[in-house]
Amino acid sequence: MVLKEEKLEGGRRVLDLFWGPQHPSSGHTRFIVELDGDIVVNVTPDPGYVHRTMEKLGETRHWIQNIPLFERLSLPDAINVTWAYAMAIERLAKIDVSPRAQYLRVIMAELSRISTHLYDLGLHAIMIGSSTGFMWGFGLRELVVQLWAMVSGSRTTPSWVLPGGVRTAPPDAFYEQTKGFLDYLEKKIDEFVRLVIKNPVGYYRLKDVGYLSKEDAARLMATGPAARGSGIDWDARRVYKYGVYDELEWEVCVEDGGDSLARAMVRICEIRQSAKIIRQTLDRVPRDGPLVGEAVLHRMPPKQKETVNQIIRLGSLFATRLPEGEGLGITEGGRGRYFFHVYGDGTERPYRVRISTPSWQNLRAMIKAFIGARLMDLPAIYGSFGYFPPEQDR
């Protein structure tokens, strides 16, 4: 829709266009795009169309009830989101995590990362005209959510990570099926690259499109593949050494291209690295032992302690109040860094909850990448950032 037409000095004619908010391509965000011909000269984002007051809702309910709430920030990456919140509660309430739960969290977090990358790569494919790539991405992701269901009982809303540990133990079949899935995934992801990304149409829709320099990525505080695709070697798993990541061998995926192709290839590389991490963790994870640490165990009645190796009942956690103080939680999700800052005031409800999500943090960097591109390239750039409006709006 043309809003206005104005002539600038030098004879340029600038048109203002609405792009969105509709679900295809722009998501639930409106962008006001200023064009000189079909060249983008400026973009003004207008977010907030799916603002759900996550932070304020988190201050009105019991702290344990926020886990199913906050995982809806980004359902494809639910484990990494709730792990960051659980980490903030653990630091606030001085809750320890059982060794078995640390390994299980890493396995599920990397499956969550693979889920997010397949989700984003599938949507990115259809944005550049490949419906086959869309079906391949979501077809492979279907296998991930089936593994989630084996562990948590839910395909998309696991509510599995708890402060102090995890809610349920994986069945024995999970370990072998996960190894089989990784073998199949690595073969198919190579085919996805040949079919979609290295396809001449896909390649030239991404190559040198949506350039973001290393300096701009750092200045605008890009995170996740948006930063690593511009040559910034930063990953919260490496920096903060949470979980058992510091015990495992893996590499931070970095590309120097700074364009949409580089950001897509970072995701492909991270899928392979996640498979490497999961394989190592499967070989090391204890198959027995409590799912939560001592701080939670001592609150549980004797009858419930009989099943702490298989399932955790939440009754004892509902009787736990948050002390006065604050706690921080940071994890590396598929799209970048999740950050939770939780204040306690001695009641069962958090006094304040503040959240920083990758899509919100990457918004400025994505706008920078838009400028100078052609109008038809906006979906390709948008998809390369994995931008997710529900996560951005919180």
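Just so you know, these numbers come straight off a predicted model, no measurement behind them.

Notes on the overall build of the protein
- A count of helices and strands for the protein gives 17 helices and nine strands.
- Computed over C-alpha atoms, the radius of gyration of the protein comes to 22 Å, within 12% of the 21 Å expected from 2.2 N^0.38 for 394 residues, which places it in the range of a compact globule.
- Structurally, the protein occupies a C-alpha span of about 80 × 45 × 30 Å along its principal axes.
- Here the protein holds 394 residues, and 58% of them are scored as buried.
- Long-range contacts, defined here as pairs at least 24 residues apart, represent 68% of the contacts in the protein between residues at least 6 apart.
- Of the roughly 15,900 Å² of accessible surface on the protein, a fraction of 52% belongs to carbon and sulfur atoms.

A short note on the layout of surface pockets
- Of the voids in this model, the second largest pocket is the one considered here, and its volume is about 150 Å³.
- Along its surface, the second largest pocket is lined by Ala 217, Ala 218, Met 221, Ala 222, Thr 223, Ala 227, Ile 232, Trp 234, Tyr 240, Ile 330, Arg 337 and Gln 361.

Re the environment of Leu 75
- Relative to the elements of secondary structure, Leu 75 occurs in the loop between helix 2 (66-70) and helix 3 (78-93).
- It is 22 Å that separates the C-alpha atoms of Leu 75 and Gly 20, two residues lying 55 residues apart in sequence.
- Setting aside chain neighbours within four positions, we find Leu 75 in contact with Trp 148, Thr 156 and Thr 157.

A few points about a nonpolar patch on the surface
- Together, Trp 234, Val 239 and Tyr 240 give the surface a local cluster of nonpolar side chains, amounting to about 270 Å² of exposed area.
- Within the secondary structure layout, Val 239 lies in helix 10 (residues 236-240).
- On the basis of relative accessible area, Val 239 is assigned to the partly exposed category, the value being 41%.

A short note on helix 4 (residues 99-127)
- Along its 29 residues, helix 4 runs 42 Å from first to last C-alpha, staying within 8% of the 42 Å computed at 1.5 Å per residue.
- Counting buried positions along helix 4 gives 26 out of 29 residues, so the element sits mostly inside the fold.
- Among the residues trailing helix 4, Gly 129 stands out with phi positive, at a value near 100 degrees.

Looking at the nonpolar core
- One finds Phe 70, Leu 111 and Phe 340 to be the most contacted residues of the largest nonpolar core, which totals 87 residues.
- Apart from residues lying up to four places away in sequence, Phe 340 is in contact with Phe 70, Leu 73, Val 81, Ala 84, Tyr 85, Ala 88, Gly 327, Leu 328, Gly 329, Val 353, Arg 354 and Ile 355.
- Counting residues in hydrophobic clusters, the runner-up holds 28 residues, among them Val 43, Met 366, Ile 367 and Ile 381.

Considering the pairing of strand 4 (residues 39-46)
- In this sheet, strand 4 lies alongside strand 3 (residues 30-36) in antiparallel orientation, the contact comprising seven bridges. Directly across from Glu 34, in strand 4, lies its bridge partner Asn 42.
- Where strand 3 folds back onto strand 4 in an antiparallel hairpin, the turn is made up of two residues, including Gly 37, whose phi is positive at roughly 70 degrees.

Some thoughts on unusual backbone geometry
- Positive phi values are uncommon outside glycine, yet Thr 53 reaches one of about 50 degrees.
- Assignment of secondary structure puts Thr 53 in the loop between strand 4 and helix 1 (54-57).
- Judged by relative accessible area, Thr 53 falls into the partly exposed class, the value being 36%.
- In this structure, Ser 159 takes a positive phi of about 45 degrees despite not being glycine.
- Tracing the backbone through its elements, the reader meets Ser 159 in the loop between helix 5 (131-152) and strand 5 (161-162).

So, the pattern of salt bridges
- Taken as a whole and assessed by the stated rule, the structure comprises 25 salt bridges.
- The shortest N-O distance in the salt bridge between Arg 335 and Asp 120 comes to 3.0 Å. With a gap of 215 residues between them, Arg 335 in the loop between strand 7 (325-332) and strand 8 (337-344) and Asp 120 in helix 4 connect regions that are remote in the sequence. The burial state of Arg 335 is the same as that of Asp 120; both residues are buried.
- Two residues, Arg 228 and Glu 270, come together in a salt bridge whose shortest N-O distance is 2.6 Å. In this pair, Arg 228 is assigned in helix 9 (residues 225-228) and Glu 270 in helix 11 (residues 260-284), connecting sequence segments 42 residues apart. By the burial criterion, Arg 228 is buried, and Glu 270 matches it.

Comments concerning helix 11
- With 25 residues, helix 11 ought to run about 36 Å at 1.5 Å a step, and its terminal C-alpha atoms sit 37 Å apart, in line with that.
- With 19 of 25 residues buried, helix 11 lies mostly within the body of the structure.

A look at the packing of helix 4 against helix 6 (residues 172-197)
- Contact pair helix 4 / helix 6: the axes reach a minimum separation of 13 Å and the direction vectors enclose 25 degrees. If you check the angle between helix 4 and helix 6, you find them roughly parallel. Handedness of the helix 4/helix 6 crossing: left-handed. Where helix 4 abuts helix 6, its residues Leu 104, Ile 107, Met 108, Leu 111, Ile 114, Leu 118, Leu 121 and Ala 125 lie against Phe 174, Tyr 175, Phe 181, Leu 182, Leu 185, Ile 189, Phe 192 and Val 196.
- Here the residues of the contact of helix 4 with helix 6 sort into 16 nonpolar, no polar and no charged.

About the criteria used
- Residues numbered from 1 in each chain as written.
- Predicted model: local features only at pLDDT ≥ 70, side-chain atom pairs only at ≥ 80, totals over all residues.
- Heavy atoms only, no water.
- Helix = DSSP H or I, 4+ residues; strand = E, 2+ residues; numbered from the N terminus.
- Rg over C-alpha atoms; globule rule 2.2 N^0.38 Å.
- Buried < 20%, exposed > 50% of the residue type's maximum accessible area, 1.4 Å probe, protein only.
- Contact = heavy atoms within 4.5 Å.
- Areas by Shrake-Rupley, 256 points an atom, 1.4 Å probe, with all protein chains shown as cover.
- 1 Å grid on protein atoms, 1.4 Å probe; cavity = no way out; pocket = protein on both sides within 12 Å on 5 of 7 lines; lining within 4 Å.
- Points joined across faces, edges and corners; volume = space filled by probe spheres on them.
- Patch = residues over 30% accessible without salt bridge, like charges linked within 9 Å, V, L, I, M, F, W, Y side chains within 5 Å.
- Salt bridge = Lys/Arg side-chain N within 4 Å of Asp/Glu carboxyl O.
- Expected span 1.5 Å × (residues − 1).
- Core = buried A, V, L, I, M, F, W, Y, C linked by side-chain atoms within 4.5 Å.
- Pairing = 2+ DSSP bridges.
- Axes fitted to C-alpha atoms, helices over the stretch in contact; angles between N-to-C directions.
- Parallel < 35°, antiparallel > 145°, perpendicular 65-115°, else oblique.
- Left-handed = near helix turned anticlockwise from the far one by under 90°.
- Nonpolar A, V, L, I, M, F, W, Y, C, P; charged D, E, K, R; others polar.

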